[in-house]
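So the chains spell out like this:
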Amino acid sequence: MTPDDAGEAGGRSAAGERLGGGGRVDPPGSVAGALAVQERLRPLVDLVGPGPTAPATVAGLDVAYAESGDRLAAAVTVLDARTLAVVDEAVSVGRPAFDYVPGLFAFRELPALLDALDGLTVRPELLVCDGHGLAHPRRFGLACHLGVVTGLPAIGVGKTPLVGQWSPPGERRGSWAPLRDGDEVVGRVLRTRDGVKPVFVSVGHRMGLDNAAARVLALTPRHRLPETTRTADRLCRDALAGGARGGRRG
DNA sequence: GCGACAG
DNA sequence: ATCTTGTCGC
């Protein structure tokens, strides 16, 4: 595997540095190429879990787009898992690396997200991604891709479904229902707030579904979406609104 | 063939 | 994702 493949797989960094693998990532030049990459990396997903039950730090990742659609800002915020206070953050401004295609979403945001991860000083123990992990047509959503590339435990928390069927979970926070795609359970529809639309939780890498759901509940003491996602969302939006200059901050 | 389709 | 007006509730 060459250094340029960092954004694709491997890219394991030395302790405490280059979380995103360093260097630039070359996105696939076609849909067929992207599908081939997913096919190749999918077997590398670690489904053993259960993953950290009491991580000290948890990272949130999110991306915001300019209305023109030709510019984006990727943000990563690292929170103290106990106090939910932000202890580190980084942003990267750039351009979408791929057209938006359902199922190939990761190729669009991955380069910028990895660049932002490179800007971190603190190495998070878990990545909470804005999108799906195994709840994906080929079981390799953004959370899986990001997990495999960084080697870190990762989970996906989506606001809307991509694949699968489910029954409405109970109305109380903590209620849930399995998200099934055919015969397999690919995730969990979890109610994080009483009477509020549930979120879709799925495993990304090195995590079990039960633990993933538990971690999401720990991150949603007062809002529907994880605190990690919320802080990252604010950060990338601000970065987009602020300096029109490109490059990396953090 | 037609609709659905993370962000 | 982003745009977009008002509305309901803590």
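Residues numbered from 1 in each chain as written. Chains lettered and ligands numbered in written order. Predicted model: local features only at pLDDT ≥ 70, side-chain atom pairs only at ≥ 80, totals over all residues. Heavy atoms only, no water.

A.B. asks: Looking at this model, I keep getting lost on the protein's contact with DNA strand B. Mind explaining?
C.D. replies: Of all residues adjacent to DNA strand B, which total 16 residues, the nearest are Tyr100, Phe105, Lys159, Thr160 and Pro161. Of all DNA strand B atoms lying within 4 Å of any protein atom, the proportion belonging to sugar or phosphate reaches 54%. In the model, a base nitrogen of DNA strand B is placed 3.3 Å from a nitrogen or oxygen of the Phe105 main chain. Looking at the surface near DNA strand B residue by residue, the classes come out as seven nonpolar, six polar and three charged. (Near = heavy atom within 4 Å. Polar contact = N/O pair within 3.5 Å; in protein donor to acceptor, adjacent residues only side chain to side chain. Nonpolar A, V, L, I, M, F, W, Y, C, P; charged D, E, K, R; others polar.)

A.B. asks: How should I be thinking about helix α3 (residues 142-150) in this particular structure?
C.D. replies: For the α-helix, the turn length of 3.6 residues means that residues three or four positions removed from each other point alike. Counting buried positions along α3 yields nine of nine residues, so the element is predominantly enclosed. For α3, the full list of buried residues reads Leu142, Ala143, Cys144, His145, Leu146, Gly147, Val148, Val149 and Thr150. (Buried < 20%, exposed > 50% of the residue type's maximum accessible area, 1.4 Å probe, protein only. Helix = DSSP H or I, 4+ residues; strand = E, 2+ residues; numbered from the N terminus.)

A.B. asks: Hey, could you run me through the nonpolar core in this one?
C.D. replies: The tendency in soluble globular proteins is for nonpolar side chains to be buried as a group. Val128 and Ile155 are the most contacted members of the largest nonpolar core, which totals 29 residues. Taken together, the elements giving at least two residues each to this core come down to α1 (31-41), α3, β5 (154-158), β8 (199-205) and α4 (209-218). Counting residues per element, this core draws most heavily on α4, which supplies four residues. Excluding residues within four positions of it along the chain, Ile155 makes contact with Leu126, Leu127, Val128, Cys129, Ala143, Ser202, Gly204, Met207, Ala212 and Val216. Listed in part, the 25 residues of the second largest apolar core include Ala59, Leu61, Ala106 and Leu117. (Core = buried A, V, L, I, M, F, W, Y, C linked by side-chain atoms within 4.5 Å. Contact = heavy atoms within 4.5 Å.)

A.B. asks: What is the right way to read the protein's contact with DNA strand C from this model?
C.D. replies: Surveying the vicinity of DNA strand C reveals the residues Ala64, Tyr65, Glu67, Lys159 and Arg237. Of all DNA strand C atoms lying within 4 Å of any protein atom, the proportion belonging to sugar or phosphate reaches 100%. Tyr65 is positioned with one of its backbone polar atoms (N or O) 3.5 Å from a phosphate oxygen of DNA strand C. When grouped by side-chain class, the residues that make up the surface near DNA strand C number two nonpolar, no polar and three charged.

A.B. asks: Explain the layout of surface pockets to me, please; I cannot follow it from the model alone.
C.D. replies: Taking a probe equal in size to a water molecule and rolling it over the atoms shows the remaining empty space. Considering only enclosed or pocket space, the largest pocket measures out at about 430 Å³ in volume. As for the largest pocket, its lining consists of 23 residues, and the residues nearest its centre are Tyr100, Phe105, Asp130, Gly131 and His132. Residue assignment for the lining of the largest pocket shows that the elements contributing at least two residues are β1 (57-65), α2 (106-118) and β5. Ranked by residues supplied to the lining of the largest pocket, first place goes to β1 with three residues. (1 Å grid on protein atoms, 1.4 Å probe; cavity = no way out; pocket = protein on both sides within 12 Å on 5 of 7 lines; lining within 4 Å. Points joined across faces, edges and corners; volume = space filled by probe spheres on them.)

A.B. asks: What is the right way to read the pairing of strand β6 (residues 176-181) from this model?
C.D. replies: Looking down a regular strand, the side chains alternate between one sheet face and the other. As judged from the six bridges shared by β6 and strand β7 (residues 184-190), these two strands associate in the antiparallel manner. Bridge pairing in β7 links Leu179 to Gly187. The turn joining β6 and β7, which pair antiparallel and follow one another in sequence, is formed by two residues; a positive phi near 70 degrees is taken by Gly182. (Pairing = 2+ DSSP bridges.)

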